Amino acid sequence: MSIIAVEDLKICVGGRVIIQDATFRIDEPSFVVIIGPNGAGKTTLLKTMIGLIKPVRGCIKILDRVVRAGERYPRSIRKLIGYMPQRDVINYAVPLTAREIVISGIVENLTLPRTVLPRDVDSLVNNIAGRLGIDNILHKFFDELSGGQQQKVLLARALVKDPRILILDEPLSNVDEMSRVEILEFLRDLVRRDGRTVLLVTHDVEVAMSWSDYVLLVNNGRAVLYSSKMIEDVNKFLRQYPEKDRKIVPSRSPYCA
Amino acid sequence: MSLIVELVCVSILIALLAGYSSTFTSISRSSFLVVTISHAILATLAALFYIAYIYSLHVGPLLIWLVMFVTALSVCAFVSHVRLFSERDLVLSIIFALMLSIAALFMAVLPGYMVSRMWSFLTGSLLLITPVDISLIFIICLICSTLYTFFYREFLLVSYDYEYALATSISASAMNYVLSILISIATLACVYVLGLFVTYAVMLIPGSVLVNARVRPSTSVIMSIMIVFITLMISIGLAFSYNIPPSGLCGVMISVLAGLVILVRFLTRRIKRTRS
């Protein structure tokens, strides 16, 4: 049984084709990094996989559940996926503590019919916060935290409901090098030890090549999955980047020769 | 029921409605919705009184409540189709300007006695509340308070991270719509009792100031309820002593209180910055 299978997916936004003929399949718990130039459709693909955008053609299979174009995204699939959106979509005017934000990750489990009892909330939050090393900042307001701490809080929120698949939209943006490594090590452990599948969007090619099991390259409306061992294929893809987008490839990277 | 008991009951109910709604209006960035709905109510009531004047009809309180409900829910339903906050505010501001103009036009052609009745929707008619009105406000308050309490977590989530809420298994768009309806209903009750001007004061100021002062939403709800209730009680007391409209006094007190909070915060920050 595949974990994620995408077949012949076509996604349009505002009448414009963003992704077409996307077909890929992930059969085992993996760390998948999605890369591509700005505006290539990485976030659109991600949002389609969590049901925020409806595809016009094709189907998405998450574990044993299939969603075809035009169909409503089932709640049962949403419960399997932990999602971390980009930080700029959050309304910072709401004074919430890090703990309250993490708890909001199990709102769906606390509404009737409950799958998490209110008395278990604290232990769930403390457990995930401890694993991410943010247990000492849970009392602070979200906007008082550093960029790396905020990303970890949002990651904890995505993880607190114990999802099978984790979908992260640029979790490494505005994060210092130390926090970046911590987050990546945590995600890799999540895949290796807990058997979860992680899909992560980033502009950092080094992250894609050094940390991932697979690289999903998105460009010109195409999405192609490569094993991260297939460095030459990825390099070939990277050389196709328009001049203006090449700055996302680190100059010292051994992969952009 | 004596007048004092009636006034205390209305004050408690309005404080509950305004306290909850004020906080959620602030965190869901729905201030424009409150302003637009209150002006839309004014315009439709002006139109209603004009029609009643032309055809010599009697306009009773139940008809006024019905017209207010239909207007508030229509505006709410119309703007719920606009997804982007920036676009929604633009649409609301257009409706707001249009409705204010329509209200002004109708009020210009109404006879004097009807204009004074319309004026009560601008300045409020707290001392003229009937038991029927109290019953209706009680039902509204009961429904709104129950829903706000029951769906507190969901409303909070759709207000601070709508995209994440959409990705969960809760019905985020439905929750957002219910929240807008609750704010709209609270607005119409406030317009009826306190008038248009004071509605802004009780529906927008307490929640906004408290949320801005980093007070947590749950605490902000309780504090807003208390602020509105206490100011209403003081206003009613002063209204009896000095023969001044109580809603006007309530508006002034809330605004001055908000101003003081903002001033104290500003000075505290200045002192902290100077010391550091």
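Residues numbered from 1 in each chain as written. Chains lettered and ligands numbered in written order. Predicted model: local features only at pLDDT ≥ 70, side-chain atom pairs only at ≥ 80, totals over all residues. Heavy atoms only, no water.

Caption draft 1: Looking closely at the overall build of chain A. Looking only at helices and strands, chain A features nine helices and ten strands. Split into buried and exposed, the 257 residues of chain A put 55% on the buried side. Partitioning the contacts of chain A with sequence separation of at least 6, the portion at a separation of at least 24 is 64%. Here chain A has roughly 11,400 Å² of accessible surface; of this, 46% comes from carbon and sulfur atoms. (Helix = DSSP H or I, 4+ residues; strand = E, 2+ residues; numbered from the N terminus. Buried < 20%, exposed > 50% of the residue type's maximum accessible area, 1.4 Å probe, protein only. Contact = heavy atoms within 4.5 Å. Areas by Shrake-Rupley, 256 points an atom, 1.4 Å probe, with all protein chains shown as cover.)

Caption draft 2: Structural view of the overall build of chain B. Secondary structure summary: chain B contains twelve helices and zero strands in total. For chain B, the sequential pattern of α-helices and β-strands runs α-α-α-α-α-α-α-α-α-α-α-α. Here chain B has a C-alpha radius of gyration of 19 Å; the compact-globule value for 276 residues is 19 Å, and the two agree. Viewed in the frame of its principal axes, chain B has a C-alpha envelope of about 65 × 45 × 35 Å. Of all 276 residues assigned to chain B, the portion counted as buried reaches 50%. When contacts within chain B are restricted to residue pairs at least 6 apart in sequence, long-range pairs at least 24 apart make up 77% of them. When the accessible area of chain B is evaluated, it comes to approximately 12,600 Å², of which 74% is carbon and sulfur surface. (Rg over C-alpha atoms; globule rule 2.2 N^0.38 Å.)

Caption draft 3: Representation of the interface of chain B and chain A within the structure. The interface of chain B with chain A comprises 23 residues on the first partner and 29 residues on the second. In total, about 2,600 Å² of surface goes out of reach between chain B and chain A, with carbon and sulfur atoms giving 57% of it. Taken as a group, Tyr-160, Tyr-164 and Arg-214 of chain B account for 30% of the area that chain B buries against chain A, more than any other trio of residues on that side. For the pair chain B and chain A, the interface holds four salt bridges. Its salt-bridge partner being Glu-163 of chain B, residue Lys-47 of chain A comes within 3.4 Å of it at the nearest N-O pair. When contributions to the side of chain B that touches chain A are tallied by element, the ones reaching two or more residues are helix H7 (152-160) and helix H8 (162-167) of chain B. (Buried area = accessible area lost by both parts, 1.4 Å probe. Salt bridge = Lys/Arg side-chain N within 4 Å of Asp/Glu carboxyl O.)

Caption draft 4: Focus on empty space enclosed by the protein. One pass over the full model with this rule turns up one cavity of 30 Å³ or more. In this structure, the largest cavity spans a volume of roughly 50 Å³. Ile-90, Asn-91, Tyr-92, Val-94, Leu-96, Ile-101, Phe-142 and Asp-143 of chain A together with Tyr-160 and Arg-214 of chain B are the residues that line the largest cavity. Counted by class, the lining of the largest cavity contains seven nonpolar, one polar and two charged residues. (1 Å grid on protein atoms, 1.4 Å probe; cavity = no way out; pocket = protein on both sides within 12 Å on 5 of 7 lines; lining within 4 Å. Points joined across faces, edges and corners; volume = space filled by probe spheres on them. Nonpolar A, V, L, I, M, F, W, Y, C, P; charged D, E, K, R; others polar.)

Caption draft 5: Just unusual backbone geometry, in detail. All names here are of chain A. Phi at Glu-170 is positive, roughly 50°, even though this residue is not glycine. Structurally, Glu-170 can be placed in the loop between strand S7 (165-169) and helix H7 (177-192). With relative accessibility at 17%, the residue Glu-170 sits in the buried group.

Caption draft 6: Spatial organisation of a positive patch on the surface. Among the surface-exposed residues, Lys-54, Arg-72, Arg-75 and Lys-79 of chain A lie close enough to one another that they form a single positively charged patch. Tracing the sequence through the fold places Lys-79 of chain A in the loop between helix H2 (75-78) and strand S6 (81-84). (Patch = residues over 30% accessible without salt bridge, like charges linked within 9 Å, V, L, I, M, F, W, Y side chains within 5 Å. Lys, Arg positive; Asp, Glu negative; His and termini not counted. Charge placed at Lys NZ, Arg CZ, Asp CG, Glu CD.)

Caption draft 7: Highlighting the packing of helix H10 (residues 196-212) of chain B against helix H11 (residues 217-242) of chain B. Residue and element names in this part refer to chain B. Where H10 contacts H11, the two axes come as close as 9 Å, and the packing angle between them is 135°. By the criterion of interaxial angle, the relationship of H10 to H11 is oblique. H11 is crossed by H10, and the crossing has right-handed handedness. Across the interface between the two elements, Val-202, Pro-206, Gly-207, Leu-210 and Val-211 of H10 pack against Ser-220, Met-223, Ser-224, Ile-227 and Val-228 of H11. (Axes fitted to C-alpha atoms, helices over the stretch in contact; angles between N-to-C directions. Parallel < 35°, antiparallel > 145°, perpendicular 65-115°, else oblique. Left-handed = near helix turned anticlockwise from the far one by under 90°.)

Caption draft 8: Structural view of the sheet that holds strand S2 (residues 16-26) of chain A. Residues and elements named next belong to chain A. Strand order across the open sheet formed by four strands is S2-S1-S4-S5, with antiparallel pairing between neighbours. Pairing within the sheet leaves two strands with one partner each, and these edge strands are S2 and strand S5 (65-68). Along the sheet, successive strands turn relative to each other by an average axial angle of 20°, direction set aside. Sitting on the sheet, helix H1 (residues 42-49) is in contact with strand S1 (4-13), S2 and strand S4 (57-62), with an inclination near 120° to S1. (Pairing = 2+ DSSP bridges.)

Caption draft 9: The domain arrangement of chain A, seen in detail. Residues and elements named next belong to chain A. According to the domain assignment, chain A contains domain 1 (1-80 + 163-245) and domain 2 (89-162). Domain 1 puts 20 residues into the contact, and the matching count from domain 2 is twelve residues. Of the roughly 1,300 Å² buried between domain 1 and domain 2 on both sides combined, carbon and sulfur atoms contribute 60%. Remark: the boundary between domain 1 and domain 2 carries three salt bridges. On inspection of domain 1 and its partner domain 2, the count reaches six residue pairs in polar contact (both at pLDDT 80 or more). Contributing elements (two or more residues each) for the side of domain 1 that touches domain 2: S7 and H7. At six residues, the largest contribution of residues to the side of domain 1 that touches domain 2 is made by H7. (Domains from an automatic or database assignment. Polar contact = N/O pair within 3.5 Å; in protein donor to acceptor, adjacent residues only side chain to side chain.)

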